[in-house]
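Coordinate inspection notes
Residue-level listing of the chains:
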Amino acid sequence: MVASEKDFENAVHQVKLLKEDPGNDAKLKLYALYKQATEGPCNVPKPRVFDFLGRAKWDAWTALGSLPKETARQNYVDFVSSLRPSLTSSSGEGPAAHRSLPESEDVVVTSKDSITVITLNRPAKKNAITYQMYQDITLALKAASKDNSTITVFTGNGNYYSSGNDLSNFSNRSGSLQQMYAESALTLRNFVDSFIDFPKPLVALVNGPAVGIAVTVLGLFDAVYASDRATFHTPFSSLGITPEGCSSYTFPKIMGPAKAAEMLIFGKKITAREACAQGLVTEVFPHNTFQKEAWARLTAYAKNPPKAMRIGKQLLRSFGKETLHAVNAEECRVLQERWLSEECVNAIQTFFSKKGKL
Ligand SMILES: CCCCCC/C=C/C(=O)SCCNC(=O)CCNC(=O)[C@H](O)C(C)(C)COP(=O)(O)OP(=O)(O)OC[C@H]1O[C@@H](n2cnc3c(N)ncnc32)[C@H](O)[C@@H]1OP(=O)(O)O
């Protein structure tokens, strides 16, 4: 269900009627979504340095990147409803994730034409996945598995699909290293499990380069549509780490052991067309028609009888499921050890000293 103009106007009106101050963060978010929904991406100059409020508003609006107006309108309506649960949208039931997802700006969930869309929304950081985002995505997939959508889509906002794991994930948390790595391994395991167990067709729209875990989990999707600007890169060895996302099992199955080793052990970056030839990508579209063509395809597929698609997917998946869970557990166990290694610690330090880009 997409928010109509009327839903949006109602939500704007409801904000004016709020009796309690929702707080500065909420007000900034409302401001940014309102501007994005009514004017599109921010293209006004950044306010001067002492205009603190103006700059905070500008930052919030700019952070929405190229989020489409319709999505911003929907997010505004959803956010207003979450501020006051008693204020419900006039269009009836909202998107599924709205019912169980924590508020998150970095992972945006929307619903349209029986399709739930999960968008990685950190364009300024190339959609790198933070610790919180792993948890939000896991929740979003759980919610989508229960909502009334037919297909679930995963994509990225901006010019990257995702640069993979946020390399600062291990530097901005508290507790002992052992505890942090154990928690991270568990979070990763739950994240990948939610892809393994996802019961409906899951489609990736790879709008630009994909790195690391954003590539590996693609082996667990049912279809992967890519822009011809997308690339696929798993530089694990140069980061001192090892493959995850079940790729140590799915990649050799999909592309054969030799091509899998080239990517997962030697870190060869491949183009969308190469990934398609190797079976990781379903189809490649020219970048300037990518959204239009991929969405036309998805909208048509979403009209298929949902139960048949769901049961079909489960048949395709069910026989390998136990193996996938075992592979996931083993990959996470090995990674937990690798994170403590000198090779890994040095590689992350090199990245943040700006000497070690891919
Ligand atoms: C719970 C833990 C689970 C762990 C699971 C294991 C997962 C493993 C992986 O995913 S391994 C892959 C990790 N990713 C990378 O190594 C990519 C690192 N990034 C880069 O090499 C480059 O940023 C780039 C090639 C993706 C893009 O280069 P460029 O176009 O020149 O842009 P910038 O480098 O200027 O990037 C803009 C801005 O984003 C920050 N950023 C980009 N990617 C990451 C990242 N993965 N982690 C943290 N930050 C990232 C970059 O630092 C810049 O920030 P700044 O503007 O300087 O503040």
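Since this is a predicted model, take the numbers as computed values, not measurements. (Residues numbered from 1 in each chain as written. Predicted model: local features only at pLDDT ≥ 70, side-chain atom pairs only at ≥ 80, totals over all residues. Heavy atoms only, no water.)

1. As for the sheet that holds strand S5 (residues 210-211)
For the record, the criterion: Criterion used throughout: strands pair if DSSP finds at least two bridges between them. Secondary structure elements are taken from DSSP: a helix is a run of H or I of four residues or more, a strand is a run of E of two residues or more, and numbering for both begins at the N terminus.
Across the sheet, three strands lie side by side as S5-S7-S8; this open sheet has mixed pairing. The open sheet has two free edges, formed respectively by S5 and strand S8 (270-271), since each of these has just one partner strand. Strand direction decides the pairing type here: strand S7 (residues 231-233) and S8, joined by two bridges, are antiparallel. Bridged to Phe232 within S8 is Ile270.

2. Comments concerning the pairing of strand S6 (residues 223-227)
For clarity, the cut-off: Accessible area is worked out with a 1.4 Å probe on protein chains only. A residue is then buried under 20% of its type maximum, exposed over 50%, and partly exposed in between.
In terms of burial, S6 is largely enclosed, as five of its five residues are buried. Alternating positions in S6 separate into two faces, Ala223, Tyr225 and Ser227 on one and Val224 and Ala226 on the other, with burial throughout. Note: strand S4 (residues 202-206) against S6, four bridges, orientation parallel. Considered in S6, the bridge of Ala204 is made with Val224. With three bridges connecting them, S6 and strand S9 (residues 283-285) associate as parallel partners. Paired with Ser227 across the bridge in S9 is Phe285.

3. Structural notes on the sheet that holds S9
To keep things clear, this is the line we draw: To get an axis, a line is fitted to the C-alpha atoms, and for a helix only the part in contact is used. The angle between two axes follows their N-to-C directions and goes from 0 to 180 degrees. Two residues form a contact once any of their heavy atoms are found within 4.5 Å.
With respect to topology, six strands assemble into an open sheet ordered S1-S2-S3-S4-S6-S9, the strand pairing being mixed. Across the chains shown, the open sheet's two edge strands, defined by having one partner strand only, are strand S1 (107-112) and S9. The sheet shows a mean angle of 20 degrees between the axes of neighbouring strands, direction not considered. Its contacts with the sheet put helix H12 (residues 290-301) on strand S2 (115-120), strand S3 (151-156), S4, S6 and S9, and the angle it makes with S4 is roughly 170 degrees.

4. Brief notes about the domain arrangement of the chain
Keep this limit in mind: Note that the domain bounds were set by an automatic or database domain assignment. Once two parts are put together, the accessible area they lose, assessed with a 1.4 Å probe and summed over both, is termed the buried area. A carboxyl oxygen of Asp or Glu within 4 Å of a side-chain nitrogen of Lys or Arg is what we treat as a salt bridge. In the analysis that follows, any N or O atom pair within 3.5 Å is treated as a polar contact, provided that within protein one partner can donate a hydrogen and the other can accept it, and provided that, for residues neighboring in sequence, both atoms belong to side chains. Under this grouping Gly is polar, as are all residues other than the nonpolar Ala, Val, Leu, Ile, Met, Phe, Trp, Tyr, Cys and Pro and the charged Asp, Glu, Lys and Arg.
What the domain assignment reports for the chain is domain 1 (5-83) and domain 2 (121-356). Across the boundary between the two partners, domain 1 contributes five residues, which contact four residues of domain 2. For the pairing of domain 1 and domain 2, the buried interface totals around 250 Å² over both sides, and the portion due to carbon and sulfur atoms is 38%. In this structure, the connection of domain 1 to domain 2 is made through zero salt bridges. Between domain 1 and domain 2 we count two residue pairs in polar contact (both at pLDDT 80 or more) in total. Its residues assigned to classes, the side of domain 1 that touches domain 2 shows three nonpolar, two polar and no charged.

5. Some remarks on the nonpolar core
Counted only if it meets this: Buried residues of nine kinds, namely Ala, Val, Leu, Ile, Met, Phe, Trp, Tyr and Cys, make up a nonpolar core once their side-chain atoms join them within 4.5 Å.
Counting 62 residues, the largest nonpolar core has Phe195, Val206, Phe221 and Phe232 as its most contacted members. Grouped together as the second largest cluster of nonpolar side chains are 19 residues, Cys42, Leu64, Phe79 and Val80 included.

6. As for the environment of His233
For His233, the position within the fold is in strand S7. Among the residues examined, His233 registers a relative accessible area of 10% and is labelled buried. A sequence separation of 193 residues divides His233 from Gly40, and the C-alpha atoms of the two residues are 32 Å apart. A distance of 3.2 Å separates the side chain of His233 from the backbone oxygen of Gly267, its partner in a polar contact.

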